[in-house]
Amino acid sequence: FRSLPKFRISLSLSLSSTGFKKDKDSHPNRTPIILYTTDGLALGSPIAISTFLAHNKIPLPRHSDTSLCFSSEEGEVKSVFSFFSGETKMSKAGALDLASGLGGKIEKKEVLSAVEQYEKYHNLYGGANEDRKSNYTDMVNKYYDLATSFYEFGWGESFHFAHRFNGESLRESIKRHEHFLGLQLGLKPGQKVLDVGCGIGGPLREISRFSLVSVTGLNNNEYQISRGKELNRIAGVDKTCDFVKADFMKMPIPDNSYDAVYAIEATCHAPDAYGCYSEIYRVLKPGQCFAAYEWCMTDAYNSENKEHNKIKAEIEIGDGLPDIRSTTQCIEALQKAGFEASHRPSLPSPPQTLLPLFSSVWQMSFWSHFSLSSFRLTAAGRFFTKNLVKALEYVGLAPKGSQRVQDFLEKAAEGLVDGGKKEIFTPMFFFLARKPHSGDH
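Keep in mind that what you see is a predicted model, and the values were worked out from it rather than measured.

Visitor: What am I meant to see in the nonpolar core here?
Guide: One broad rule of soluble globular proteins: the nonpolar side chains tend to lie buried together. Grouped together as the largest cluster of nonpolar side chains are 64 residues, with contacts concentrated most on Y262 and F408. In this structure, Y262 is in contact with L181, L185, V193, L194, D195, V196, P203, L204, I207, V215, F290 and A291, ignoring residues within four places of it in sequence. One finds M249, C276, A292 and F339 within the second-largest nonpolar core, a separate group that totals 31 residues.

Now the structure itself:
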């Protein structure tokens, strides 16, 4: 058992054999416990397993890739319990890495021009929704060439939100969020999975290791793919995880190719939800599922409200979005594409929704979550980054225009927080949709 971080092992026992008594906080005495590393699942309760470890004087696992998932005997997922060591490192953490990566594949001398072109697509600079939709490939590619280095510097390898609970680190919340997605899809070892809009591949590496599946990341940004391949090699998953450079509106993939498809805050970049979901439907095998977290305006959003529109425009320019859709539009597009939208949980409340990125806004205890990576995401951390970028640009280590990128990312931060406070926006509208068999009704 002490080799848990290195080997996939199983421990099955009856709690009665350890002398435990049934109490209101535990499962019945004869609940089986099966422990795995992130390779698989664990059956039992967190309390029972923690008590067993303590009773037998077995230290808690301290490896960064060790997680325990708990489900009932019927297979319903109850919770995910993860252990992380303090030695876990976020990628591309240094200031010089930030400077060297700014601009992505854009020539350094062309960065300022690219920033100006990008800004002109957006409402805040006189642009229009239709311009962004018709030029979405250029707009989104420019955005990620310009912004990826900032994302990786502040967020790590997984560019998405997650609910974050008291006592939980940023990295723990991110991993738990990804594990939840894999569990909702019911992934089984050996399956082929597609990650639509995969970024630099943080989620696909985690889900591949967690569920023992092969994951292909689909991305249309050359810089992000090159970073993702490097990180796959470093993580040792380059045999089970790969990338395809392609537009998710026109996937060069045969019909019925994948056992599951997911998208994490990515298909919001599509100019047309129906077109994107239709392509996902086509490449997914019949009877299988597509799960996603979507960026959406909620029913509280009023298109006639100037303040609401300003918030929406700030999010769009700061996150490379053509036009943020409503939750209703997403569900309608899924159904039009042929999916059965079988699971639609209620939207998370605003404090939970935006906690990982802007914890200080919700007046949460910063020091209880302190780490270098979480500090970079606070108001103080973003102020530090802003001045760091300004200095790097001044001395010539970062290309001209880098400060402008920081500025529109700051606009996004303001818009995201205001949108959450007013409950008009969510970055994680979750749905699970099934592609029916041809004979299904």
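Visitor: Explain the pairing of strand β6 (residues 241-245) to me, please; I cannot follow it from the model alone.
Guide: Looking down a regular strand, the side chains alternate between one sheet face and the other. Of the pairings in the sheet, the one linking strand β5 (residues 214-219) to β6 comprises five bridges and is parallel in character. Its bridge partner being in β6, L218 is matched across the sheet by V244. Crossover connection from β5 via helix α8 (residues 222-235) to parallel β6: handedness right-handed.

Visitor: Help me out: how do you make sense of the confidence of the model for the chain in this one?
Guide: Regions with low pLDDT carry predicted coordinates that are not meant to be interpreted in detail. Of all residues in the chain, 68% have pLDDT values of 70 or greater, and the mean over the chain is 75. Counting contacts from residues 1-48, a segment whose pLDDT is below 50, to residues more than four positions away or on other chains yields 105 contacts. The low-confidence segment residues 60-93, where pLDDT is below 50, has 100 contacts with residues more than four positions distant or belonging to other chains.

Visitor: Explain the pairing of β5 here, please?
Guide: With five of six residues buried, β5 is to be regarded as a mostly interior element. The pairing of strand β4 (residues 192-196) with β5 spans five bridges and is parallel. Looking across to β5, one finds that L194 is bridged to T216. Between the parallel elements β4 and β5, the chain passes through helix α7 (residues 202-211) in a crossover that is right-handed.

Visitor: What is the right way to read unusual backbone geometry from this model?
Guide: Although it is not a glycine, L212 adopts a positive phi angle of roughly 60°. In this structure, N256 is a non-glycine residue whose phi angle is positive, near 55°.

Visitor: Is there a simple way to explain the packing of helix α3 (residues 111-120) against helix α5 (residues 136-155) in this structure?
Guide: Angle between the axes and distance between the axes are the two parameters that describe a pair of packed helices. Where α3 contacts α5, the axes come no closer than 10 Å and their chain directions differ by 135°. Judged by the angle between their axes, α3 and α5 are oblique. The crossing of α3 and α5 is left-handed. In this structure, α3 uses V111, A114, V115, Q117 and Y118 to contact α5, whose residues at the interface are M139, K142, Y143 and L146. Across the contact of α3 with α5, the residue classes tally to seven nonpolar, one polar and one charged.

Quick notes on the rules
- Residues numbered from 1 in each chain as written.
- Predicted model: local features only at pLDDT ≥ 70, side-chain atom pairs only at ≥ 80, totals over all residues.
- Heavy atoms only, no water.
- Core = buried A, V, L, I, M, F, W, Y, C linked by side-chain atoms within 4.5 Å.
- Buried < 20%, exposed > 50% of the residue type's maximum accessible area, 1.4 Å probe, protein only.
- Contact = heavy atoms within 4.5 Å.
- Pairing = 2+ DSSP bridges.
- Helix = DSSP H or I, 4+ residues; strand = E, 2+ residues; numbered from the N terminus.
- Right-handed = clockwise from strand over helix to strand, strands pointing away.
- pLDDT = per-residue confidence, 0-100.
- Axes fitted to C-alpha atoms, helices over the stretch in contact; angles between N-to-C directions.
- Parallel < 35°, antiparallel > 145°, perpendicular 65-115°, else oblique.
- Left-handed = near helix turned anticlockwise from the far one by under 90°.
- Nonpolar A, V, L, I, M, F, W, Y, C, P; charged D, E, K, R; others polar.

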